[in-house]
Amino acid sequence: MKIGVILKTLSSEYWRYVSAGIQDAEEVYGCEILLQGPPSETSYDQQMQMIETALDTGDLDALVISPLQPDMVANAIADAKIPVIALDTKIPSDKALTFVGTGNEDAGYQGASYIADMLEEGDEVAIISGVQGDPTAEARMAGFKKAIEEKGLNLVATQFADAVAEKAVDAMQSILQTNPDVKAVFCNNDEMAVAANRAARQAGNDQVLTLGFDGIKSGVEAIIEGNLTASIAQAPYEMGLISVEKAIVAAKGETLDEFYDTGTTNIDSNNASDYLVGLEELLSKVK
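Basis of the calculations
Numbering of residues starts from 1 in every chain and runs along the sequence as written. At least 70 in pLDDT is required for a residue's local features to be given in this predicted model, at least 80 for side-chain atom pairs to be given and counted, and no such filter applies to totals for whole chains, interfaces and linings, which use all residues. For side-chain calculations, the full set of non-hydrogen atoms in the structure is used, while hydrogens and water are omitted. Only strands that DSSP links by at least two bridges are regarded as paired with each other. The numbering of helices and of strands both runs from the N terminus, where a helix is a DSSP run of H or I of at least 4 residues and a strand a run of E of at least 2. Orientation is described by lines fitted to C-alpha atoms, with helices fitted over the stretch in contact, and by angles between N-to-C directions that extend from 0 to 180 degrees. Salt bridge, as used here, is a side-chain nitrogen of Lys or Arg placed within 4 Å of a carboxyl oxygen of Asp or Glu. Working definition: with a 1.4 Å probe on protein chains only, accessible area under 20% of the residue-type maximum means buried, over 50% means exposed, and in between means partly exposed. Residues count as neighbours in contact if any of their non-hydrogen atoms are within 4.5 Å of one another. For a crossover, the right-handed case is the one in which the path from the first strand over the helix to the second runs clockwise, viewed with the strands pointing away from the viewer. Angle categories: roughly parallel below 35 degrees, roughly antiparallel above 145, roughly perpendicular from 65 to 115, and oblique for all the rest. Crossing handedness is defined as follows: a turn of the near helix away from the far one that is anticlockwise and smaller than a right angle gives a left-handed crossing, while the clockwise case is right-handed. Each residue gets one of three labels, nonpolar for Ala, Val, Leu, Ile, Met, Phe, Trp, Tyr, Cys and Pro, charged for Asp, Glu, Lys and Arg, and polar for the others, Gly among them. The span you would expect from a helix comes to 1.5 Å times its residue count less one. The directions considered for the arc are those from the helix axis to the C-beta atoms. The set of buried Ala, Val, Leu, Ile, Met, Phe, Trp, Tyr and Cys residues whose side-chain atoms join them within 4.5 Å is what this entry labels a nonpolar core.

A. The sheet that holds strand β6 (residues 124-129), seen in detail. Taken together, six strands build an open sheet; the order of strands is β7-β6-β8-β9-β10-β12 and the sheet is mixed. Of all strands in the sheet, those bounded by a partner on one side alone are β7 (154-160) and β12 (265-267). Averaged over neighbouring strand pairs, the angle between their axes works out to 20 degrees when direction is ignored.

Put into structure tokens, the structure is as follows:
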């Protein structure tokens, strides 16, 4: 079988873990995989072109997509003649036969609850999210907010930084200028969380708790070094591997479940060193 896979990008560490799972799936399942991804997570037009081209070739048995713009992708696959699998981010279409990824709202709630237990009722907190309107970012933010409300914390600012570290620095600087008493910031990925931590330290505030999301190598190293409080680690390798497996199952005409949750793990100073060893092994797999 020939399976097409179009990720949000191939240029970030997180998506390299996903790619490692996809590449291993090629050997495990004896299939041929066409793996692609645009330059960045805001390269919307390039990803749409990749999807349209993949559907037009007529030589794929199934297509796995991590959509940058789920609504636009739903329109693009409306007439798809092959099975489509949503990876990492849901696609609002009956043509997407299943979703392989993280239960993002539950994961956001889990991570924010962990940090909230270190704070006192009424403490000020902030959120730095990814691309505004992205359903994955919105789901994580909903989980963060639910935990914040339940714990009696005061959400004083929400900023969007397009999942980019440099923009997260500006966002954190803006938050601290207006809200110097912020005690914690919940971020949509590790790169932004590490950048936010750095910005806080440069502003003379080294007590701000910072929560990341993804559990990538740089984030885990930052935890070990004391430059990040914790990260909600996804299972990107498993996402890649399982998405290809489900694509093959669908191509054979078999029924899939609606959702395959690959789970999350809280990473902090207690387990970061051991977790890092596993990440380095995964990175060595990427071709």
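Still more to cover.
B. Focus on the pattern of salt bridges. Taken as a whole and assessed by the stated rule, the structure comprises seven salt bridges. Where D134 meets K8, a salt bridge forms, and the shortest distance between an N and an O atom there is 3.7 Å. Taken together, the residues span a long stretch of sequence, with D134 in the loop between β6 and α5 (135-150) and K8 in the loop between β1 (2-6) and α1 (13-28) at a distance of 126 residues. By the burial criterion, D134 is buried, and K8 matches it. What emerges from the salt-bridge pattern is a single network uniting K8, D88 and D134.

C. Quick peek at the sheet that holds strand β3 (residues 62-65). The sheet built from six strands is open, its strands ordered β2-β1-β3-β4-β5-β11 with parallel pairing. Both outer strands of the open sheet, β2 (32-36) and β11 (259-261), are each paired with one neighbouring strand and no more. The mean inter-strand angle of the sheet, taken between neighbouring strand axes irrespective of direction, is 15 degrees. Both strand β5 (residues 96-101) and β11 contribute to a ladder of three bridges, which runs parallel. When the sheet's bridge partners are listed, F99 is paired in β11 with F259. Lying on the sheet, α1 is in contact with β1, β2 and β4 (84-87); it crosses β2 at an angle near 160 degrees. Running over the sheet, helix α2 (residues 44-57) touches β1, β2 and β3 and is turned about 165 degrees from β1.

D. Looking closely at the pairing of β3. By the alternation rule, side chains of β3 split into A62 and V64 and L63 and I65, which are all buried. As defined by bridge partners, β1 adjoins β3 across four bridges and the pair is classed as parallel. Considered in β3, the bridge of V5 is made with V64. Relative to β4, β3 is paired through three bridges, and the arrangement is parallel. By the bridge assignment for β4, L63 is matched with V84. Taken together, β3, helix α3 (residues 70-76) and β4 form a β-α-β motif whose crossover is right-handed.

E. Layout of the packing of helix α6 (residues 165-178) against helix α7 (residues 190-202). Closest axis-to-axis distance for the α6/α7 pair is 8 Å, and the angle between their directions is 45 degrees. By the angle between their directions, the pair α6 and α7 is classed as oblique. Where α6 crosses over α7, the two elements pack in a sense that is right-handed. Judged by residue contacts, A165, A168, V169, M172, Q173 and L176 of α6 engage E191, M192, A195, A196, R198, A199 and A200 from α7. The class makeup of the residues in the contact of α6 with α7 is 10 nonpolar, one polar and two charged.

F. Seen up close, α6. Taking 1.5 Å of rise per residue, 14 residues should cover 20 Å, and α6 covers 20 Å from first to last C-alpha, within 8% of that figure. Taken residue by residue, α6 has A168, V169, A171, M172, I175 and L176 as its buried positions. Along the axis of α6, the buried residues cluster in a sector spanning 170 degrees; they form a single face. Across from the buried face of α6, at angles greater than 90 degrees, the exposed residues are E166, Q177 and T178. Of the surrounding elements, those touching the buried residues of α6 are β6, β7, β8 (184-187) and α7.

G. Layout of the nonpolar core. Membership of the largest hydrophobic core comes to 59 residues, with the highest contact counts inside it found for I3, V5, I33, I128, M172, V185 and V244. The biggest single contributor to this core is helix α9 (residues 236-251), with eight residues. Beyond its immediate chain neighbours, meaning those up to four positions away, V244 contacts V5, I22, A25, Y29, C31 and I33. Core analysis: the second largest hydrophobic core is formed by 19 residues, A107, I115, A147 and I232 among them.

These values are about where atoms sit, not about what they do.
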